[in-house]
Amino acid sequence: MLTFLDGLTPWMWIGWAFLIGILELSIPSTIFVWPALAALIVGILSFLLPGLFASGFYQIILFVVLSIVIAIVGRLLISVFGKGGSGSSKVILNDPLQRNIGKIGTVASIDGTEGIAIIDGVRWHFRLNSNFDPQLPVSKIKIVAVNQSTLIADPVDTNSPL
């Protein structure tokens, strides 16, 4: 019936895995990483168990099932350990604002409770916590949170050790 599928070789699957992987790298998403991984697994299994996966039809079925299962598990892992996670396991690699939390900055200018601070050589807009008296001088701040695109900071007492 589907004898044309019997010509699928493990190298074809590995080739498809790399082509899909290249497509994933060229598109800013994670949609193609799951089928690329599934194609690689089918290729490896076809090498290791040639008798079991001799039929191309079964290879296609395995590819579809693996793509779905890997996508579901991958999305679940991303939601738990990735950007959508909670606690200290939250990934902040691609969020420059979040990476500033806990850092100390030097105040370049301040007007009331908002100003510009220099953190690691970069100028950032910040706002002091609401429990601070804006009449007191501030020369250093510690970033404690992020609100949209504004860093939330506490003043640092320059007389005490950090």
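None of these values were measured; they are calculated from a predicted model.

(A) The overall build of the protein, seen in detail. The secondary structure content of the protein amounts to four helices and five strands. Expressed as a percentage of its 162 residues, the buried residues of the protein come to 28%. For the protein, restricting intrachain contacts to residue pairs at least 6 apart in sequence, the fraction spanning at least 24 positions comes to 47%. Taken as a whole, the protein presents about 10600 Å² of accessible surface, with 68% of it coming from carbon and sulfur.

(B) Representation of the pattern of salt bridges. For the coordinates displayed, the defined rule picks out two salt bridges. Between Asp120 and Lys103 there is a salt bridge, and its shortest N-O distance comes to 2.5 Å. Of the two residues, Asp120 is situated in the loop between strand 2 (114-119) and strand 3 (122-128) and Lys103 in the loop between helix 4 (96-99) and strand 1 (104-111); the sequence distance between them amounts to 17 residues. The closest approach of N and O atoms between Glu114 and Arg127, which form a salt bridge, is 3.7 Å. Taken together, the residues Glu114 in strand 2 and Arg127 in strand 3 connect sequence positions 13 residues apart. Judged by its relative accessible area of 33%, Glu114 is partly exposed.

(C) Expanded view of the pairing of strand 4 (residues 140-147). Sheet topology note: the strand 1/strand 4 ladder contains three bridges and is antiparallel. Along strand 4, the bridge assignment pairs Gly105 with Ile141. Sheet topology note: the strand 4/strand 5 (residues 150-155) ladder contains six bridges and is antiparallel. Each bridged residue has a counterpart across the sheet, and for Val146 the counterpart in strand 5 is Leu151. Connecting strand 4 to the next strand, strand 5, in antiparallel fashion are two residues, including Gln148 with a positive phi near 55°.

(D) Representation of the sheet that holds strand 2. Strand order around the closed barrel formed by five strands is 1-2-3-5-4, with mixed pairing between neighbours. With direction set aside, neighbouring strand axes in the sheet form an average angle of 55°. Of the strand pairs in this sheet, strand 1 and strand 2 are connected by five bridges, and their pairing is antiparallel. Looking at the pairing, Ser109 lines up with Ile116 of strand 2.

What counts as what
Residues numbered from 1 in each chain as written. Predicted model: local features only at pLDDT ≥ 70, side-chain atom pairs only at ≥ 80, totals over all residues. Heavy atoms only, no water. Helix = DSSP H or I, 4+ residues; strand = E, 2+ residues; numbered from the N terminus. Buried < 20%, exposed > 50% of the residue type's maximum accessible area, 1.4 Å probe, protein only. Contact = heavy atoms within 4.5 Å. Areas by Shrake-Rupley, 256 points an atom, 1.4 Å probe, with all protein chains shown as cover. Salt bridge = Lys/Arg side-chain N within 4 Å of Asp/Glu carboxyl O. Pairing = 2+ DSSP bridges. Axes fitted to C-alpha atoms, helices over the stretch in contact; angles between N-to-C directions.

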